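Fold and geometry: a report
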Amino acid sequence: MILTGGLKSLLPHVLRRIIRCNRLSISNTSGMAEGYKQANVVILHKSLADDFEKFCHANEGPLPLLYRSKPGDWKCPALSSDSDIRTDCLQYRKYEHGACTGSLTSLKEFSEQLEDMVTFYLGCSFSFEKAVQTAGIPVRNVEQNRNVSMYKTAVPCYPVSTFRCNLVVTMRPVPESKLEAAVQATSELKEAHGAPIHMGDPGLLGIQDLSKPDYGEPVCLHPGDIPVFWACGVTGVEAIISCRAPLAFTHSPGCMFITDLKNDSVAVRSSREITQVHCISQDPLHYTIVSSEAAQKIKTLETLIGIDPGDRGIIHLQRPGELLKACLSLSHARSVLVTTGFPTHFTYEPPEENDGPPGALAIAAILQALEKEVAMVTDQRAMDLNKKIMEEAVQLGILKRPIPLLTYQRESADSALMFLCENGNPQRPRFDHLIAIERAGMAADGNYYNARKVNIKHLVDPIDELFLAAQAIPGVTTTGVGDGGNELGMGKVKDAVKKHIKNGDVIACDVEADFTVVAGVSNWGGYAIACALYILSTCEIHDRYLRKAVGFPQLSKKTAWVSALPSVTKEEKLLKALVQLGVRSGKTASLEMEVDGLPFHNTHSPVIEKLL
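Predicted model only: the values in this text are computed from it and were never measured.

A count of helical and extended segments in the protein gives 20 helices and 21 strands. Against the globule reference of 25 Å for 612 residues, the protein gives a C-alpha radius of gyration of 28 Å, in line with a compact fold. For the protein, the C-alpha atoms occupy an extent of roughly 90 × 50 × 45 Å along the three principal directions. The buried share of the protein, taken over its 612 residues, is 58%.

Here it is in structure tokens:
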């Protein structure tokens, strides 16, 4: 038998000959023939071949198709010289009616059946391991001399005919400081599955225990390592099982076919192709990716909304990058709860101001267009007003349809938990992101103050409790949008509010949000969130990560997204409707502002249009 030493430097055709002679004492091909592409193998009856090819094209992340043979063709000249698929994998599996009925080192005894069968060669992540190592990133499975860990997930692939299965992934531990390098090293190697589809808590993929892989061997994480998951060609094995074909063959997971093709060198990338990695949650741990181009657009938006028309000192409250992180988190959300309402005009009816509702509705509109669930929670006394505002928003075309309006009252110690989670179970949250925009926030003394230090607690329901409860619910993230420091969520910057904002020592909100978006006018923050979510949705890198590299890009829905974006016309109509409902301005409204002698929107809108 030939031992493993030196195998990584052997040429592919030499390795295939050794494998063909069954002279290797190894269990997988990881680390072999460094720099050359390896392939997963699926062999099935010719009657199923067209549908399986469609399945591959519909799920290109896990199933990048390198080559499809003709029926009975054991060679693949496009990938290798003098190869024979019947003998050139270390080990094969035989499937009958969806069940694995044997492991084999050769398929020669099935030569007659193979005359009517088609072989699919699919890209493999072993192909990118050399590129990862070259980038200075340790490959733990190679270090530990183990097959890579492979797991079934709860992520469904795009189904085609009888091929219906969930995604399978490989996991490689990567030091946190190397996450961005790992993404960069693999993102352009699309025939080897490309960039990761998840980084962080395996539970978010439906994986319960990393020590128990479904295929391969467990790979140990070092201190500081993050589990990083790539789409895996063993998804093809699951597809074979799902279709219950009378007879099919695959490689044994980890025992790849080694091709003569070298991995392509990666060209210099544009900002659209360069990726950034951002942590959007600590519990559960969750990282996401975005192109540098999209991130820069959102940072430009953040700068734009940071103009301080009232010269109130909000520059001291701003936290650069919070808009991007908040929107990255929102883009992963399934169900979002929005709240707004600042009853600053306490001697009038209604006491609400017109900053807040337009921004909240702009967020709700884009969330609707992105097909996310969205609801709004408001004060019980303001329900009728908000219903009317909602009706106006639908009539004006801002919303496609009304969104559910909810109220919250504290009735017991666990009221907030019962509101946010099914039966109060933190493992079953109804919402995974909460947004407060220009919502009165509770100060350190338990009261609620407007900018003039007037206590308006009697007009405010304790919706802050939902944000406080969310801090202890895994997977629920919060964002606060404000322009003065007394708004819900601004507790994250309360020290700066107390130091730099007039009356800040009294009015500062004490309740933190995970992300704090500070704007010159809170409505602008809402508009920026809507525009940023659009930017992320049209970012191909982020879109692929969101859908876990299965199914098709979502850009076909771009028209609906554009129609949901905020505009000057929409804001003008809504503000007029608010006036008709008796809602007053609480501060200089955006339509009345001037920047460099021009109405603000004359300078604001062209910038957003350019970004989009």
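Reading across from one edge, 6-7-9-8-13-12 is the order of the 6 strands in this open sheet, with antiparallel pairing throughout. Here the strands that pair on one side only, and so sit at the sheet edges, are strand 6 (149-156) and strand 12 (275-282). Shown here is a sheet whose adjacent strand axes are inclined to one another by a mean of 35 degrees, direction ignored. Strand direction decides the pairing type here: strand 7 (residues 166-175) and strand 9 (residues 225-231), joined by 7 bridges, are antiparallel.

This part covers the packing of helix 9 (residues 322-332) against helix 16 (residues 522-537). In a pair of packed helices, the angle between the axes and the distance between the axes together describe the arrangement. Running from N to C, helix 9 and helix 16 cross one another at 60 degrees; their axes reach a closest spacing of 9 Å. Relative to helix 16, the crossing made by helix 9 is right-handed. Counted together, Leu323, Cys327, Leu328, Leu330 and Ser331 of helix 9 and Ala528, Ile529, Ala532, Leu533 and Leu536 of helix 16 form the full contact between these two elements.

Okay, the nonpolar core next. Formed by 83 residues in total, the largest nonpolar core has its most connected members in Leu179, Met199, Leu323, Leu361, Ile366, Ile529 and Leu533. In this structure, this core is formed jointly by two domains, domain 1 (1-180 + 196-267) and domain 2 (276-546 + 553-611), each of which donates at least three residues. Aside from chain neighbours lying at most four places away, what touches Met199 is Leu179, Val183, Ile226, Pro227, Val228, Val277, Leu285, His286, Tyr287, Thr288, Ile289 and Tyr545. By size, the runner-up hydrophobic cluster in this structure holds 45 residues, among which are Phe229, Val234, Met256 and Val550.

Moving on: the pairing of strand 5 (residues 117-123). Across the 7 residues of strand 5, 7 count as buried, placing the element largely inside the fold. Taken together, the 7 bridges between strand 1 (residues 36-45) and strand 5 define a ladder with antiparallel strand orientation. Bridging across to strand 5, Asn40 finds its partner in Leu122. Looking at chain direction, strand 2 (residues 65-68) and strand 5 are connected through 3 bridges and run antiparallel.

Conventions adopted
- Residues numbered from 1 in each chain as written.
- Predicted model: local features only at pLDDT ≥ 70, side-chain atom pairs only at ≥ 80, totals over all residues.
- Heavy atoms only, no water.
- Helix = DSSP H or I, 4+ residues; strand = E, 2+ residues; numbered from the N terminus.
- Rg over C-alpha atoms; globule rule 2.2 N^0.38 Å.
- Buried < 20%, exposed > 50% of the residue type's maximum accessible area, 1.4 Å probe, protein only.
- Pairing = 2+ DSSP bridges.
- Axes fitted to C-alpha atoms, helices over the stretch in contact; angles between N-to-C directions.
- Left-handed = near helix turned anticlockwise from the far one by under 90°.
- Contact = heavy atoms within 4.5 Å.
- Core = buried A, V, L, I, M, F, W, Y, C linked by side-chain atoms within 4.5 Å.
- Domains from an automatic or database assignment.

Geometric values such as these leave the question of function open.
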